[in-house]
Amino acid sequence: MNANIEELEITNCFGCAVCAKACPKQIIKTRINEYGFYEPYIISGDTCIRCGLCADVCSFHNAGLSLDVTRLDSFAGYSNNDSVRQRCSTGGVGFELAATALSQGYKVCAVRYNASNNIAEHFVASNIEELKYSVGSKYIQSDTLAGMMKMDINDKYILFGTPCHIDSFRRYLRKVKKESNFILVDFFCHGVPSYLLYHKYLDTKGQQTGKVKSVSWRDKTDGWHDSWVMDIRGEEGRVHAKLSDGDVFLKTFLSDSCLGKACYDNCKFKYRNSSADIRIGDAWGRLYQKDSKGVNAVICFTDKGTTLVKQSNCTLIDHDFDSIAEYQMKHNATRPLIFNLVWRLLKNDAPLDVVKLNRLLNINSILHIPGRIIKKTVKILR
Ligand SMILES: Cc1cc2nc3c(=O)[nH]c(=O)nc-3n(C[C@H](O)[C@H](O)[C@H](O)COP(=O)(O)OP(=O)(O)OC[C@H]3O[C@@H](n4cnc5c(N)ncnc54)[C@H](O)[C@@H]3O)c2cc1C
């Protein structure tokens, strides 16, 4: 008799919901937990048939990666279509991979913004018009379940997700022997911030925006390297808040003060560790520091991945992995000294105290300076 995720006490996990997709009795759902992250729960334990599939497919519960990577091809890449490149977060390779897969009879399971609930969510796109909703990184955790449930695994799909989601999903595909129907794409992942931060932040902008209609996290009007922007359009107005002007959501996210517990303690997907066919990201390193339009790092771990990348409408330039992945995180994020104080602001019932949060973030960056100097000195001495 196998234990299910509840008996195994799988909480504060990656929140990918592949356990729920896999459950033959469909008795697993997900909800946002007290820390602001998705977590699975069982709705009627007495109907559980103890098949153990939920635990078997769980990347959080099982050690290692589901893909045994023996090779990789690495490129810089960007869409040949300038308007796609401009509108996407980086170089538009994500969009072009999906568009090429669509033209080959695949459907796309990707992430769009749901303005009714102010969440990111997976959805299925069957044509280019629907695919347009996937454009752009949403730097919040996606609610994966409804989108995944819409996928008939007997059809062909390209699935985009965080590395943990993709790793669980490959475990599931192996169990049901449908791996050949899927192309799996992840990205270099910083981690996801809490919905407590995101929703409280939106509330602080509510007077300006009214009911939110759309949100974008990146905007390349001032160039790719200055493209971290919260652009919130609402019924009553618009907020356009850049990281370089001190936007508090982006600052808090990138300070690692409120990522998921599993992002700090259990992520096993940094740098070249992936179970995807293709990994994409920003080529933030020195190679393209003068580019203003956006360049993707594109890593292929399987022949299937390389084939799709080469068929896509993208310019590709060969680079070795370490050069194209320069400045990507090699290790999991660590909790900064201000961590508990930030959580205290997020978990209380009061509106977000932006002044206090900014003060904490400023202290954090001052505390970081000695660390940066030591790191630079060690580098020079080496
Ligand atoms: C939470 C998060 C953290 C990231 N951390 C890093 C990082 O540390 N380093 C780095 O180089 N890149 C990171 N990225 C990836 C980067 O932001 C770009 O998404 C990537 O470079 C692809 O750009 P593009 O122009 O090809 O994609 P686009 O064509 O703009 O498409 C973006 C793709 O990302 C998918 N997507 C959007 N939001 C989410 C989400 N919340 N969850 C799952 N999939 C999503 C969409 O479905 C779409 O397929 C991160 C992305 C996210 C969402």
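Residues numbered from 1 in each chain as written. Predicted model: local features only at pLDDT ≥ 70, side-chain atom pairs only at ≥ 80, totals over all residues. Heavy atoms only, no water.

*Asks:* In this structure, what is going on with the side chain of Lys21? I would like to understand it.
*Replies:* Topologically, Lys21 is positioned in helix H1 (residues 18–22). One buried charged residue, Lys21, forms no salt bridge at all, with the nearest opposite charge on Asp152 at 7.2 Å. In terms of polar contacts, Lys21 uses its side chain to reach the backbone carbonyl oxygen of Met148, at 2.9 Å. (Helix = DSSP H or I, 4+ residues; strand = E, 2+ residues; numbered from the N terminus. Buried < 20%, exposed > 50% of the residue type's maximum accessible area, 1.4 Å probe, protein only. Lys, Arg positive; Asp, Glu negative; His and termini not counted. Salt bridge = Lys/Arg side-chain N within 4 Å of Asp/Glu carboxyl O. Polar contact = N/O pair within 3.5 Å; in protein donor to acceptor, adjacent residues only side chain to side chain.)

*Asks:* When you look at the nonpolar core in this model, what are you seeing that I'm missing?
*Replies:* Soluble, globular proteins show a tendency: their nonpolar side chains are buried together. Tyr113, Tyr198, Tyr201, Trp217, Met230 and Phe249 are the most contacted members of the largest nonpolar core, which totals 42 residues. If we skip the residues at most four places from it in the chain, Tyr113 touches Asn118, Ile119, Lys138, Ile140, Tyr198, Leu202, Val212, Val215 and Trp217. Core analysis: the second largest hydrophobic core is formed by 33 residues, Leu53, Leu145, Leu159 and Ile166 among them. (Core = buried A, V, L, I, M, F, W, Y, C linked by side-chain atoms within 4.5 Å. Contact = heavy atoms within 4.5 Å.)

*Asks:* What is the right way to read the sheet that holds strand E11 (residues 238–242) from this model?
*Replies:* The strands making up a sheet are joined through hydrogen bonds of the backbone, oriented either antiparallel or parallel. Across the sheet, 3 strands lie side by side as E9-E10-E11; this open sheet has antiparallel pairing. Edge positions in the sheet fall to strand E9 (212–218) and E11, since each of these pairs with one other strand and no more. The average angle at which neighbouring strand axes cross in this sheet is 10°, direction not considered. Bridge count for strand E10 (residues 228–234) against E11 is 5 bridges, and the pairing is antiparallel. Residue pairing for E11: Ile232 is matched across the bridge by Val239. (Pairing = 2+ DSSP bridges. Axes fitted to C-alpha atoms, helices over the stretch in contact; angles between N-to-C directions.)

*Asks:* It is not clear to me how the pairing of strand E8 (residues 182–187) should be interpreted in this structure. Could you clarify?
*Replies:* Every other side chain in a regular strand lies on the same face of the sheet, so the side chains alternate between the two faces. Counting buried residues along E8, 5 of its 6 residues qualify, which places the element largely inside the surrounding structure. In terms of strand pairing, strand E7 (residues 157–160) meets E8 through 4 bridges, oriented parallel. Each residue of the ladder has a partner; that of Tyr157, found in E8, is Phe182. For the segment spanning E7, helix H7 (residues 163–175) and E8, crossover handedness is right-handed. Examined bridge by bridge, E8 and strand E12 (residues 278–282) share 3 bridges and lie parallel to one another. Looking across to E12, one finds that Asp186 is bridged to Arg279. (Right-handed = clockwise from strand over helix to strand, strands pointing away.)

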